[in-house]
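Architecture at a glance
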Amino acid sequence: MEPQIRYVRTSDGVDIAYAAVGSGPPLLVLRQFMSPDVAAEVAEEPRWRAPWLDLAGHRTVVIWDCRGTGLSGPANTYTLESGLLDMQAVIDELRARSFDIVAMLSPCHVAVAYAAGHPERVNRMVLLNPGQPGGSMRFFSSDLPDIAATHFRDYADLFALRAFGWDRAERARRLADFMATHYTGETWARLNESIEAIDATPLAASVATPSLVMIDLNAANPRSVNPERQPYMRRLAATIPNAQLSIIKKGDPRTYISLIDAFLGTGAPPAPDGELPSGTAIILFADIVDSTALTERL
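Predicted model, so just to flag it, every value in this text is computed and none were measured.

How each quantity is defined
Residues numbered from 1 in each chain as written. Predicted model: local features only at pLDDT ≥ 70, side-chain atom pairs only at ≥ 80, totals over all residues. Heavy atoms only, no water. Phe/Tyr/Trp six-rings, centres within 6.5 Å; stacked < 30°, edge-to-face > 60°. Helix = DSSP H or I, 4+ residues; strand = E, 2+ residues; numbered from the N terminus. Buried < 20%, exposed > 50% of the residue type's maximum accessible area, 1.4 Å probe, protein only. Core = buried A, V, L, I, M, F, W, Y, C linked by side-chain atoms within 4.5 Å. Contact = heavy atoms within 4.5 Å. Salt bridge = Lys/Arg side-chain N within 4 Å of Asp/Glu carboxyl O.

1. Details of the packing of aromatic side chains
Here the structure, examined in full by the defined rule, presents nine aromatic pairs. Centre to centre, the rings of phenylalanine 159 and tryptophan 188 are 5.4 Å apart; their planes meet at 75°, and the pair counts as edge-to-face. Placement of phenylalanine 159 in helix α5 (residues 152-164) and of tryptophan 188 in helix α7 (residues 185-196) is noted, with a sequence separation of 29 residues between them. Across the pair, exposure class does not vary: phenylalanine 159 and tryptophan 188 are buried alike. Feature note: the residues Phe152, Tyr155, Phe159, Phe178, Tyr183 and Trp188 constitute an aromatic cluster, connected by ring pairs.

Structure (structure tokens):
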């Protein structure tokens, strides 16, 4: 498929690069920071092909470079408010009445904030490895040498290789080149500090959208998370009304894509309350509080 990159301007004057792939109901994908630019992400070449494209069979998958990254306009900070402005500009351009959302890591907070404020627009929402408030890209590389302030190019090389690995060294090189071109040690620190301040958790209880929170622990997947980050993700799933929780422990790195595809279904809005399809069965699994201690006493 030939990538068609378009631009839209946000209400505060930043140019955002976006691309739409496939046909059918729109699916907005909020990717992690420092993802390959949209041109590379929608390229046919296997080395660039993004797993999100597997969802484009019967949907229009829409991705964009948030401000300060990829092909979009420059910015030294990224906040919850600026993320919403970027997203709203793309939505306005699409002129879609409703859509599904898939988000990962820190951009999950932007998705939560939008869904809480616009319940009539979001049909379904998937949060993959939602970032814990206070986290950022530099926490991902916390065990790297502390040389970002003095030798930023060397730091960028190490960071990119940590993110993609030697088996995807060309993608790592492109990321390192982008970091070295657009950031210095000072502006990189400023960007990460702004990301660490993003927190839409207080809005989670107001989300009415059917939601799926996914925790990917698959070691073969570069997007997998440290199990120590699970408690926040579990709490988020418990806070969003009627949210589902899925934990991936092993399997192909694209396993989560098939789960997302099944959860999103046809992309049609969910049935109103009290109008479940005929024959639907609802099964509830729940842990009883202090069940282990209760069993021991009994």
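2. A word on the nonpolar core
Formed by 59 residues in total, the largest nonpolar core has its most connected members in Ile101 and Leu127. Among the elements that take part in this core, helix α3 (residues 107-117) stands out by supplying seven residues, more than any other. Aside from chain neighbours lying at most four places away, what touches isoleucine 101 is Leu27, Leu28, Leu30, Met87, Ala111, Tyr114, Val122, Arg124, Met125 and Val126. Counting residues in each nonpolar core, the second largest holds 26 residues, with Leu27, Val29, Val38 and Ile63 among its members.

3. Section: the pattern of salt bridges
When charged atoms on two side chains of opposite charge get close, those side chains can pair. This structure, assessed with the given rule, holds 12 salt bridges. The partner of arginine 174 in a salt bridge is aspartate 37, and the shortest N-O contact between them spans 3.3 Å. Taken as a pair, arginine 174 in helix α6 (residues 169-182) and aspartate 37 in the loop between β3 (26-30) and α1 (38-41) lie far apart in primary sequence, 137 residues in all. Judged by relative accessible area, aspartate 37 falls into the buried class, the value being 15%. One salt bridge in this structure joins arginine 190 and glutamate 186, with 3.1 Å as the shortest N-O distance. Placement of the pair is arginine 190 and glutamate 186 together in helix α7, with a separation of four residues, close to one helical turn.

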